[in-house]
Amino acid sequence: MSAAEIYFDDVDLGDEVGPVERIVTDDQVIEFTQVWGREEGPTRFTSREKAQSEGLPEAIVPGAMNIAVMSQLITGWSPTVKLKKLDVVFRSPVLHNRPLTLKGMITDKDIVDDDPTIECDITMENEEGTPYVIGKAVVSLPIRE
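Fair warning: this is a prediction, and the values are worked out from it, not measured in the lab.

S.K.: Can you walk me through the packing of aromatic side chains in this structure?
M.R.: This structure, assessed with the given rule, holds zero aromatic pairs. Its guanidinium or amino end placed over the ring of Phe8, Lys109 lies 4.7 Å from that ring's centre, counting from NZ or CZ.

Encoded structure:
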């Protein structure tokens, strides 16, 4: 994806970021957990059976991976974006191999300590628009010269 350069001057309250469509596959979760290195053997992240034994419907995407996917919405928006902070709330488990929609909306714009900053509400939703993960991203954008 080749995103255009976006500057502080280009954005206004209510502007949208995305949407971006994504599917997190079984193989991506397995690769993530191997790199993550925190769990070995079948887990609720890699095994349907293990997930069901813990009361989940199927294997789920790890929270840290959901955060990484959410950050890609913001960092993929423009090469000029610098992600400063990302806070998320998990509303529902994210299952593998399901269509996800990532989107955001600019909710605040200010220059703080000479740093042009915007805040975005962001969501990860299923096909029906039910939010799985919600949050707020704080980013810095340059001012156009």
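S.K.: Would you mind showing me how to read the pattern of salt bridges here?
M.R.: One side chain can pair with another of opposite charge once the charged atoms of both are near each other. Under the definition given, this model contains nine salt bridges. Note that Asp121 and Lys136 form a salt bridge whose closest N and O atoms lie 2.9 Å from each other. Taken as a pair, Asp121 in strand 4 (residues 115-125) and Lys136 in strand 5 (residues 131-140) lie far apart in primary sequence, 15 residues in all. Asp121 gets classed as partly exposed once you look at its relative accessible area, which sits at 36%. Looking at Lys136, the relative accessible area reads 30%, which means it is partly exposed. A network of salt bridges, in which partner residues are shared, links Arg44, Lys50 and Glu54.

S.K.: Looking at this model, I keep getting lost on the nonpolar core. Mind explaining?
M.R.: Soluble globular proteins tend to bury their nonpolar side chains together. If you look at the biggest cluster of nonpolar residues, it comprises 33 residues, and the most contacted ones within it are Ile74, Trp77, Ile118, Ile122, Met124 and Leu141. Where this core is concerned, the elements lending two or more residues are helix 3 (63-75), strand 3 (99-112), strand 4 and strand 5. For this core, the element with the most residues is helix 3, which contributes five residues.

S.K.: It is not clear to me how unusual backbone geometry should be interpreted in this structure. Could you clarify?
M.R.: In terms of backbone geometry, most residues other than glycine have negative phi values and most peptide bonds are trans. Cis geometry marks the peptide bond from Gly18 to Pro19; its omega dihedral reads 10°. Tracing the chain through its elements places Pro19 in strand 1 (residues 16-23). In this model, Asn97 sits at a positive phi of 60°, which is unusual for a non-glycine residue. Along the chain, the position of Asn97 falls in the loop between strand 2 (82-90) and strand 3. Phi is positive for Asp114, close to 65°, though the residue is something other than glycine.

S.K.: So what exactly am I meant to see when it comes to the side chain of Asn66 here?
M.R.: Take Asn66: it is sitting in helix 3. On the basis of relative accessibility, which here comes to 3%, the residue Asn66 falls in the buried class.

S.K.: Looking at this structure, how should I read helix 3?
M.R.: Within an α-helix, residues lying three or four positions from one another point in the same direction, as the helix has 3.6 residues per turn. The terminal C-alpha atoms of helix 3 lie 18 Å apart, and with 13 residues this matches the ideal 18 Å at 1.5 Å per residue to within 8%. Looking only at helix 3, the buried set comprises Met65, Asn66, Val69, Met70, Ser71, Leu73 and Ile74. On its buried face, helix 3 is in contact with strand 1, helix 1 (26-36), strand 2, strand 3, strand 4 and strand 5.

Rules used in this analysis
Residues numbered from 1 in each chain as written. Predicted model: local features only at pLDDT ≥ 70, side-chain atom pairs only at ≥ 80, totals over all residues. Heavy atoms only, no water. Phe/Tyr/Trp six-rings, centres within 6.5 Å; stacked < 30°, edge-to-face > 60°. Lys NZ or Arg CZ within 6 Å of the ring centre and 35° of its normal. Salt bridge = Lys/Arg side-chain N within 4 Å of Asp/Glu carboxyl O. Helix = DSSP H or I, 4+ residues; strand = E, 2+ residues; numbered from the N terminus. Buried < 20%, exposed > 50% of the residue type's maximum accessible area, 1.4 Å probe, protein only. Core = buried A, V, L, I, M, F, W, Y, C linked by side-chain atoms within 4.5 Å. Expected span 1.5 Å × (residues − 1). Contact = heavy atoms within 4.5 Å.

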